[in-house]
Amino acid sequence: MSGRLVWAALLLGSSAMLLLLAGFLAMQAGLALLTGLLYLIGAKILLVALGLWGGLGLFGLIRQVSRELRAFCSETAAALRRVAALELARRAAATRRALEFKQLQYRAAMRRRRILAADDRKQLRELSAAVESELLAGKALLPAKRFKTLRRELKHCLRSGDVAGILAVREQV
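Residues numbered from 1 in each chain as written. Predicted model: local features only at pLDDT ≥ 70, side-chain atom pairs only at ≥ 80, totals over all residues. Heavy atoms only, no water.

A. Region of interest: the side chain of serine 128. Note on placement: serine 128 falls in helix α3 (residues 75-137). A relative accessible area of 7% means that serine 128 is categorised as buried. Those residues in contact with serine 128, other than ones at most four positions away along the chain, are Leu154, Leu158 and Ile166. (Helix = DSSP H or I, 4+ residues; strand = E, 2+ residues; numbered from the N terminus. Buried < 20%, exposed > 50% of the residue type's maximum accessible area, 1.4 Å probe, protein only. Contact = heavy atoms within 4.5 Å.)

In structure tokens, the structure reads:
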């Protein structure tokens, strides 16, 4: 049906162009009354042809939109959308689980680092206290200036966390 309407619109447009051409030739020949009549009829037919083209375009657009809406609302399309939504939810859950697992690993590693750092500080304080007690035990054997220097060096090593320095102070005692 629409094929026949397309041919009809083409035929009307062609006939309108022919009438307008005939009107132009009549004007060149000096026939004013015939020129006006041919232009008037040609313009009306061209308007009808353009209206028919517009109507065909609008009809085709409405028909295509209605087809697409029917396809979108069909059972099959709805089932496919549900499957796609479930697959998307499954992927999101897997990604979320992986991220949560990474976060738990990170928190456990941070907790281990904090515990190790606290243990290292505790052992450093104990080592420093042992060297301090050895230093105090040997206070009578050391000159006062040397004792103060060693004690100051021991405190500095404790503050900086220098185990080798504390052991070096112990060797000097």
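Now that the structure is up, let's keep going.
B. Up close: the packing of helix α1 (residues 2-29) against helix α2 (residues 32-72). Interaxial distance between α1 and α2 falls to 8 Å at its minimum, and their mutual angle equals 160°. In terms of orientation, α1 lies roughly antiparallel with respect to α2. As for the relative orientation of α1 and α2, their crossing is left-handed in sense. Along the lines of polarity and charge, the residues of the contact of α1 with α2 split into 26 nonpolar, 5 polar and no charged. (Axes fitted to C-alpha atoms, helices over the stretch in contact; angles between N-to-C directions. Parallel < 35°, antiparallel > 145°, perpendicular 65-115°, else oblique. Left-handed = near helix turned anticlockwise from the far one by under 90°. Nonpolar A, V, L, I, M, F, W, Y, C, P; charged D, E, K, R; others polar.)

C. Representation of the pattern of salt bridges within the structure. Per the counting criterion, the structure on display carries 4 salt bridges. Between arginine 151 and glutamate 132 there is a salt bridge, with its nearest N and O atoms 2.8 Å apart. Note that arginine 151 is positioned in helix α4 (residues 144-160) and glutamate 132 in helix α3, a separation of 19 residues in sequence. Arginine 151 gets classed as partly exposed once you look at its relative accessible area, which sits at 30%. (Salt bridge = Lys/Arg side-chain N within 4 Å of Asp/Glu carboxyl O.)

D. Structural view of the nonpolar core. Leu124, Val131, Leu135, Leu142, Phe147, Leu150, Leu154, Cys157, Ile166 and Val169 form the largest nonpolar core, which has 10 residues in total. When contributions to this core are tallied by element, the ones reaching two or more residues are α3, α4 and α5 (163-172). When residues of this core are assigned to their parent elements, the largest contribution, 4 residues, is made by α4. Sequence-distant contacts of valine 169, defined by excluding residues within four places in its chain, comprise Val131, Leu150, Glu153 and Leu154. (Core = buried A, V, L, I, M, F, W, Y, C linked by side-chain atoms within 4.5 Å.)

E. Region of interest: the side chain of glutamate 132. When its relative accessible area of 16% is taken as the criterion, glutamate 132 is described as buried. In this structure, glutamate 132 is in contact with Arg151 and Leu154, ignoring residues within four places of it in sequence.

F. α5, seen in detail. Along α5, the residues classified as buried are Gly165, Ile166 and Val169. Across the axial projection of α5, the buried residues extend over an arc of 100°, all falling on one side. Exposed side chains of α5 directed beyond 90 degrees from the buried face belong to Ala164 and Glu171. Where α5 is buried, its residues meet α3 and α4. In this structure aspartate 162 caps α5, since a side-chain oxygen of it lies 3.4 Å from the backbone nitrogen of alanine 164. (Arc of directions from axis to C-beta. Polar contact = N/O pair within 3.5 Å; in protein donor to acceptor, adjacent residues only side chain to side chain.)

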